[in-house]
Amino acid sequence: MNITHRIDKDILYIAIEGRIDASNAAAAEEKIFASKNENKGKHTVVDADSLEYISSAGLRVILKLRKEDPQLAIINVAADVYEVFDMTGFTDMVTIEKAYQRMNVDNCEFIAKGANGAVYRYDGETIVKTYYAKDALPEIKQERENARRAFVLGINTAIPYGIVRVGDGYGTVTELLNATSVTKLIRKDPDDLTLAAKYYIDMLKNIHSIEVDDGEVPDMKETALDWADFVAPHLPGEQGSKLRALIEAVPKRNTLMHGDYHTNNIMVQNGEPLLIDMDTLCMGHPVFELGSMFNAFVGYSELDHQNMMDFFGYSFETAGRFWNLALKMYLGTDDEAVCQSVAEKAMVIGYTRMLRRAIRRPGDADSPAKIARCKEMLAELLGRVDSLEF
C-alpha cells in the first residue's frame with residue numbers, strides 16, 4: 001500500500017496504490033488524515049486509479065473520511081473495486097466514478113495538434129484526442145457540451161462519445177469513418193489549394209450564418225478588449241488608446257464563431273467538412289475570427305517558419321497562399337484592395353493577441369523579438385486603419 005497526495009487549485013487529491021485491508025488500514029488512515037490536516041479546508045478527491053483491493057477495514061477508513069468531508073468523491077475506480085463499493089452501499093453515499101478505458105496512441109497515425117491537445121487515428125473508424133493538461137476533465141466536458149450545442153444549431157460536427165485515459169492524462173473518442181483533415185489535403189497537393197480552401201470556407205460560412213443568444217457562448221469582443229487593456233501601457237503615444245477605441249467601436253454581433261479556426265480542426269468525411277475541436281466556441285464580429293486565422297497561418301510563424309511545419313506539416317509559403325485564397329473565398333471577391341483592407345483589420349486583432357501573449361511569457365527565448373515585431377506592425381497598422389468593421 002502506498003498513499004500520496006497532490007494539490008490542484010482547491011482540491012486535495014489522495015492517490016491510493018495497492019491494497020487496503022486489515023493489515024494496513026490503520027497506517028492508511030494515518031497517512032490520509034495527515035494529508036488532510038496539512039491541507040485543511042480543501043475538498044478531497046480519492047484517486048483510486050491504482051487501488052487493487054479494499055476490505056471492510058479499508059471501507060471504514062473511507063467512511064470516516066466521508067464523515068469529515070461530505071463532498072468526498074472517489075474517481076478512477078476499477079470494476080472489481082467498484083463492485084465492492086456498490087455491494088456495500090457506498091455508491092449511494094459517496095460520488096464514485098468508474099475508471100475510464102485505457103488507450104495507447106503510441107503507434108497510431110498522428111492527425112494534428114492544437115492549443116489544448118493532439119489528435120490521432122486509432123483505427124479505421126475512430127479518432128482519439130489527447131489533452132495536454134493532466135486533469136482535463138472539466139475542459140473535456142465543456143468541449144462535449146459545445147459540440148452538442150453546435151450540432152443542434154446546425155453545424156456538422158463530430159460529438160465525442162467517450163472519455164478515456166491516455167498515459168497519465170485524458171482523451172476523448174470520436175467516430176470518424178474514413179475521414180481526412182483539411183491539413184492533410186493541403187500537404188497532399190500544396191500547389192492546388194482550391195478544394196481544401198472550399199471545404200474550409202464552406203464550414204466557416206456555415207458557422208457564421210448562425211446567431212446565438214447573449215450568454216450562450218463567450219463574447220469575443222469582451223476578450224479582445226481585455227487584450228487591448230493589457231497591451232495598451234506597452235504601446236507608445238496614443239496607439240494604446242486608438243487600439244482600444246477601434247475594438248470598442250466594433251458593433252456587437254451575436255454571430256457564432258469557432259475561435260480557433262485552422263485546418264487541423266476541420267475533417268472531411270464523405271465530401272463534407274466536419275469540425276472536431278469545439279472548446280473555443282464563442283460569438284462576435286467575424287473580424288475576431290479572421291484575426292485568429294491570420295495568426296494561425298501567418299503571425300505565429302512569421303519569425304520562425306519552422307513553427308508552421310511543426311504545427312501543420314506544410315510550409316509557411318503554402319500557409320500564406322492558403323490564407324489569401326481563403327480570405328478571397330470568404331469575402332466573395334478577387335479585389336486585392338478589398339481583401340488587403342480586411343486582412344489589415346484582422347492583423348490588428350492578431351498582433352494585439354500575439355503581443356499580449358509574448359509579454360506574458362518573458363521567459364521564452366523568442367519573446368523579445370515577438371514583442372518588437374508586434375509593436376512594429378501595430379504602429380504601422382494603427383497609422384492607417386480607422387475601423388475594424390467590414
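Look a little higher up for the structure.
Residues numbered from 1 in each chain as written. Predicted model: local features only at pLDDT ≥ 70, side-chain atom pairs only at ≥ 80, totals over all residues. Heavy atoms only, no water.

A. The packing of helix H7 (residues 194–208) against helix H10 (residues 286–297), seen in detail. Interaxial distance between H7 and H10 falls to 12 Å at its minimum, and their mutual angle equals 150°. Considering their axes alone, H7 and H10 lie roughly antiparallel with respect to each other. The crossing of H7 and H10 is right-handed. In this structure, H7 contributes Tyr-200, Leu-204 and His-208 to the contact, and H10 contributes Pro-286, Glu-289, Met-293 and Phe-297. Among the residues making up the contact of H7 with H10, the classes are represented as 5 nonpolar, 1 polar and 1 charged. (Axes fitted to C-alpha atoms, helices over the stretch in contact; angles between N-to-C directions. Helix = DSSP H or I, 4+ residues; strand = E, 2+ residues; numbered from the N terminus. Parallel < 35°, antiparallel > 145°, perpendicular 65-115°, else oblique. Left-handed = near helix turned anticlockwise from the far one by under 90°. Contact = heavy atoms within 4.5 Å. Nonpolar A, V, L, I, M, F, W, Y, C, P; charged D, E, K, R; others polar.)

B. Expanded view of the pairing of strand S14 (residues 266–269). Covered by surrounding structure in S14 are Ile-266 and Val-268 together with Met-267 and Gln-269, the residues of both alternating faces. For strand S12 (residues 180–181) and S14, the ladder comprises 2 bridges, and the chain directions are antiparallel. The partner of Ser-181 across the bridge, within S14, is Met-267. Bridge count between S14 and strand S15 (residues 272–275): 4 bridges; the pairing is antiparallel. (Buried < 20%, exposed > 50% of the residue type's maximum accessible area, 1.4 Å probe, protein only. Pairing = 2+ DSSP bridges.)

C. A look at empty space enclosed by the protein. Inspection of every chain in the model, using the stated rule, returns 4 cavities of 30 Å³ or more. One number sums up the size of the largest cavity: a volume of about 70 Å³. Lining the largest cavity are Ile-127, Val-128, Lys-129, Tyr-131, Glu-143, Ala-158, Pro-160, Thr-172, Thr-174 and Ile-276. Tallying contributions element by element places strand S9 (residues 126–131) first for the lining of the largest cavity, with 4 residues. (1 Å grid on protein atoms, 1.4 Å probe; cavity = no way out; pocket = protein on both sides within 12 Å on 5 of 7 lines; lining within 4 Å. Points joined across faces, edges and corners; volume = space filled by probe spheres on them.)

D. Highlighting the pairing of strand S11 (residues 169–175). By the criterion of burial, S11 is predominantly enclosed, with 6 of the 7 residues buried. Bridge analysis of S9 against S11 gives 5 bridges, and the strand direction is antiparallel. Bridged to Val-128 within S11 is Val-173. The sheet contact formed by strand S10 (residues 162–166) and S11 spans 5 bridges and is antiparallel. Paired with Gly-162 across the two strands is Val-173, which belongs to S11. Joining the antiparallel neighbours S10 and S11 is a turn of 2 residues, in which Gly-167 adopts a positive phi near 65°.

E. Inspection of the sheet that holds S11 at higher detail. Spatially, 6 strands are ordered S6-S10-S11-S9-S8-S7 in an open sheet, and the strand pairing comes out mixed. Each edge of the open sheet carries a strand with a single partner, namely strand S6 (101–102) and strand S7 (109–113). Across 5 bridges, strand S8 (residues 117–121) lies against S9 in antiparallel orientation. Bridge pairing links Ala-118 to Thr-130 in S9.

Spatial relationships are all this shows, so hold off on functional conclusions.
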